[in-house]
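This is what each chain is made of:
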2 protein chains.
Amino acid sequence: MAAHTILFDFTLDKDKTSDEKQRLEVAKILRNELEHVFPQLELAYSMESPENGYFAVLHENKDTVITCRIFQHGLLTLNVEYFLPDGKEGISFDTMRTVELILRQKFDSDRSKYLPPIKRGGYIDIYMTSSDERIIEYDIDQVVYEARSPFQKIQIMHSKTLGNMLLLDELQNIAESDLIYTETLMCRGVENYEGKEICILGGGDGALLYELLKENPKHVVMLEIDEIVMQACNKYLSVICGDVLEKRKTDQYEIIVGDCVEYLKKFIADGRKFDYVFGDLTDIPITDAPVGETWDFIRTIFEHSFKVLKPDGKYLTHGNGSTCKVQLRLFEEQLDLLRPKVKYTTTKAFVPSFMEEWLFYQVTFA
Amino acid sequence: MAAHTILFDFTLDKDKTSDEKQRLEVAKILRNELEHVFPQLELAYSMESPENGYFAVLHENKDTVITCRIFQHGLLTLNVEYFLPDGKEGISFDTMRTVELILRQKFDSDRSKYLPPIKRGGYIDIYMTSSDERIIEYDIDQVVYEARSPFQKIQIMHSKTLGNMLLLDELQNIAESDLIYTETLMCRGVENYEGKEICILGGGDGALLYELLKENPKHVVMLEIDEIVMQACNKYLSVICGDVLEKRKTDQYEIIVGDCVEYLKKFIADGRKFDYVFGDLTDIPITDAPVGETWDFIRTIFEHSFKVLKPDGKYLTHGNGSTCKVQLRLFEEQLDLLRPKVKYTTTKAFVPSFMEEWLFYQVTFA
């Protein structure tokens, strides 16, 4: 069950909407045409204002409710909303297209639009937003797994085309479709991991560890705080993590469940050094100033990571959606503050389950 | 300028929405809380029905209009709509998030949602739909080119992350981000084009021709009907087509502007044969039965194409979004009808500018 909201809009000649009389004329045309599709349509309410145009409520048996606004700037919006029980069919696309085409013609409009029904209140949330807050509707058809760990809400959703997706606190993290994410993070084909010592901060989905092990490193240590994430990914994301999360220690790698900062401090005290450190932790927060817990965490990670890097070592990490210029600049400013000084390059890739292009950083000592 | 529509919804305990008295109580809470954000809020209209719940219109000076429905099944929808002139800021994300969180708490709701504002009536259409009719908001910031040829509406839009995008009759066609589309269509790395004779049907964006020429074929002939598409792509999509659309004939290739069926008939009459024929024409129509002009066209293309293929030749073409099972099945049924018999394999790829996974066909004589 869900409520369906269908949004139409029509650009009208301003001469047709600039005064009350004209707007009422348009409203009359609208009502006449809608009655062909909704035969029991009634006008419940209307209001007018010279500054804000016309508004009306129409309905069929108080079931399908249609609201309409005619703005004096030459725009008409039409919202159709009804409740759809499970298994019932809503208004068909053919009907919507017909409504659009007929009204467009009657209004002599040269621009119109309707959006597929927005489904509200359903058990599965199919709408997510990109890093720059655009609406994206996913083809998610199943909640595969859901749990709350001491650290975060963990969900595995199934998408018809992206496969199983990991969501942490309701944000897209990685999906079966996203080998490109891991390959761009590790700069596959550019970096040579053979015989190298590597430390992964985070990486609980196991994908980075799985791909790195294919390149014959000397040893990889992974520091992940959330046991439940690893259990979920081991079970439902083996397409991208293979069986690396099955065992916690082999000759090739060790997964340590714990706070990576504590372990980094220990590595620093022990003088342990790595050729590569991967920051595969929380995304950069969407804020306009580099303050708050997450930014403090990012700075702490930076400072400690560079202390366990060999002089020619590399720190590789993900940034954010490539349209998030402000956040990326803040991130780079934190890098610029580091001493000894560092320099960085960036790479980017369109990540299928993010439905957007993502930026990645490769940081070395300057 | 655009109208902004912000959609919220809250799942409520059914015990709070099942009778009129309870719904009025919820409506009262809603109004009280909304008044903190919209201090001049007025209730303009409300209606009730045992079958369809509560509906109300609230507004501030008839400018911001808020409609609310409380369905007896335990769902409350809230639509906030206002007109936003160019350069003005709408309701901030922080405000929307606050509204959501406070109402969620007041309603004791365990599920709520708000979508970023839906922008309506703007000059640039940023909402497109996937092949299975999902809403996708693009980061399009500019109309680079727009024309109407004798065959179709042609647009080049600029996306911040996908680069320039070609739209034909308002449908996504190819973008600078979409090398993967061309590589999957041509099965790069699997097929060997060296010294081969190739015919492209359509392909007016030039990307396929450009990529094929890198593989040293003997000769490519491309049959494209729309001169204007080629001019637009030559000018605005050179990232994916290089300069192949600059010249119409070289030792390596020939671009013929005309109806491909006419030229295929000519090739058949001349006994001209190819190692590869590419169907890079119109997408499969979204219909439930294989009837109508486009399906007739697809069948005509199939029949003629296989008559110009060498016995061990291949017909390579795109299908549709991989979720469109019905349409893909119809497409495959048309292939099954061909005589002599053919067989096919499929490949798929997530195409960035489509924001979905696409299916491709490789067809040979059985």
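Residues numbered from 1 in each chain as written. Chains lettered and ligands numbered in written order. Predicted model: local features only at pLDDT ≥ 70, side-chain atom pairs only at ≥ 80, totals over all residues. Heavy atoms only, no water.

1. Some remarks on the relation of the copies chain A and chain B
Consideration 1: Overlaying chain A with chain B gives an RMSD of 0.1 Å, the required rotation being 180° about an axis along which the chain moves by 0.1 Å. Classification of the inter-copy transformation places it as that of a two-fold axis. Nearest to the rotation axis, the C-alpha of isoleucine 136 of chain A is located 2.4 Å from it, this being the minimum over chain A.
Consideration 2: Comparing interface residues between copies, 100% of those in chain A also sit at the interface in chain B, which points to an isologous, same-surface contact. (Least-squares fit on C-alpha atoms with pLDDT ≥ 70 in both. Contact = heavy atoms within 4.5 Å.)

2. Thoughts on the packing of helix α8 (residues 293-307) of chain B against helix α9 (residues 325-336) of chain B
All names here are of chain B.
Consideration 1: Packing of α8 against α9 leaves a shortest axis separation of 10 Å and a crossing angle of 40°. Taken as axis vectors, α8 and α9 run oblique relative to one another. Crossing handedness for the pair α8 and α9: right-handed. Mapping the contact onto sequence places Trp295, Ile298, Arg299 and Phe302 in α8 and Gln327, Leu330, Phe331, Gln334 and Leu335 in α9.
Consideration 2: Partitioned by chemical class, the residues of the contact of α8 with α9 number 6 nonpolar, 2 polar and 1 charged. (Axes fitted to C-alpha atoms, helices over the stretch in contact; angles between N-to-C directions. Helix = DSSP H or I, 4+ residues; strand = E, 2+ residues; numbered from the N terminus. Parallel < 35°, antiparallel > 145°, perpendicular 65-115°, else oblique. Left-handed = near helix turned anticlockwise from the far one by under 90°. Nonpolar A, V, L, I, M, F, W, Y, C, P; charged D, E, K, R; others polar.)

3. Overview of the sheet that holds strand β20 (residues 356-365) of chain A
Pairing between the strands of a sheet is mediated by backbone hydrogen bonds and can be parallel or antiparallel.
Residue and element names in this part refer to chain A.
Consideration 1: In spatial order, the strands read β16-β15-β14-β17-β18-β20-β19; together these 7 strands make up an open sheet with mixed pairing. Because the sheet does not close on itself, it has two edges, and the strands there are β16 (253-257) and β19 (342-351). On average, adjacent strands in this sheet sit at an angle of 15° to one another, irrespective of strand direction.
Consideration 2: Judged from the 5 bridges that link them, strand β18 (residues 309-321) and β20 form a sheet pairing that is antiparallel. Across the sheet, tyrosine 315 pairs through a bridge with valine 363, a residue of β20.
Consideration 3: Here helix α7 (residues 260-270) sits on the sheet and contacts β14 (197-202), β15 (219-224), β16 and β17 (274-280); the angle it forms with β15, its principal contact strand, is near 140°. (Pairing = 2+ DSSP bridges.)

4. So, the side chain of arginine 23 of chain B
Residue and element names in this part refer to chain B.
Consideration 1: For arginine 23, the location among the structural elements is in helix α1 (residues 20-37).
Consideration 2: Judged by relative accessible area, arginine 23 falls into the buried class, the value being 1%.
Consideration 3: Looking at arginine 23, its side chain comes within polar contact range of the side chain of glutamate 48, at 2.8 Å. (Buried < 20%, exposed > 50% of the residue type's maximum accessible area, 1.4 Å probe, protein only. Polar contact = N/O pair within 3.5 Å; in protein donor to acceptor, adjacent residues only side chain to side chain.)

5. Digging into the packing of helix α7 (residues 260-270) of chain B against α8 of chain B
All names here are of chain B.
Consideration 1: In the contact formed by α7 and α8, the axes pass within 9 Å of each other and the chain directions differ by 25°. Between α7 and α8, the angle falls in the class roughly parallel. For the pair α7 and α8, the sense of crossing is left-handed. Contacts between α7 and α8 involve Cys260, Val261, Leu264, Lys265 and Ile268 from the former and Phe297, Thr300, Ile301, His304, Ser305 and Lys307 from the latter.
Consideration 2: Classifying every residue of the contact of α7 with α8 by side-chain character gives 6 nonpolar, 3 polar and 2 charged.

6. Looking at the sheet that holds strand β12 (residues 163-168) of chain B
All names here are of chain B.
Consideration 1: As summarised here, the arrangement of the 4 strands in space is β10-β11-β12-β13, forming an open sheet in which the pairing is antiparallel. With one partner strand each, in any of the chains shown, β10 (140-148) and β13 (171-175) form the two edges of the open sheet. Ignoring which end each strand starts from, the neighbouring axes of this sheet average 25° apart.

7. Notes on the UniProt feature "active site" (unreviewed entry) in chain A
Residues and elements named next belong to chain A.
Consideration 1: UniProt records the feature "active site" (unreviewed entry) at Asp280, using the numbering of this structure.
Consideration 2: By secondary structure assignment, the location of aspartate 280 is in strand β17.
Consideration 3: On the basis of relative accessible area, aspartate 280 is assigned to the buried category, the value being 12%.
Consideration 4: Each residue touching aspartate 280, except ones within four places of it in the same chain, is listed here: Tyr181, Leu185, Ile200, Leu201, Gly202, Gly203, Asp205, Leu208 and His318. (UniProt positions renumbered as here; feature names shortened; annotations may be inferred.)

8. What about the domain arrangement of chain A?
Consideration 1: Structurally, chain A comprises domain 1 (2-119), domain 2 (129-173) and domain 3 (175-365).
Consideration 2: Spacing between the C-alpha centres of domain 1 of chain A and domain 3 of chain A amounts to 50 Å. (Domains from an automatic or database assignment.)

9. Concerning unusual backbone geometry
Consideration 1: Between arginine 339 of chain A and the following residue, proline 340 of chain A, the backbone shows a cis peptide bond with an omega angle of -5°.
Consideration 2: Within the secondary structure layout, proline 340 of chain A lies in the loop between α9 (325-336) and β19.
Consideration 3: Phi at glutamate 170 of chain B is positive, roughly 70°, even though this residue is not glycine.
Consideration 4: When you line up the elements, glutamate 170 of chain B lands in the loop between β12 and β13.

10. Quick look at the pairing of strand β1 (residues 2-11) of chain A
All names here are of chain A.
Consideration 1: Across the 10 residues of β1, 10 count as buried, placing the element largely inside the fold.
Consideration 2: The two faces of β1 match: Ala2, His4, Ile6, Phe8 and Phe10 on one face and Ala3, Thr5, Leu7, Asp9 and Thr11 on the other face are all buried.
Consideration 3: Inspection of the sheet shows β1 paired to strand β5 (residues 75-84) by 10 bridges, in the antiparallel sense. When the sheet's bridge partners are listed, aspartate 9 is paired in β5 with threonine 77.
Consideration 4: Bridge count for β1 against strand β7 (residues 118-120) is 3 bridges, and the pairing is antiparallel. Residue pairing across strands places alanine 3 opposite arginine 120, the latter belonging to β7.
Consideration 5: The sheet contact formed by β1 and strand β6 (residues 111-114) spans 4 bridges and is antiparallel. Looking across to β6, one finds that threonine 11 is bridged to arginine 111.

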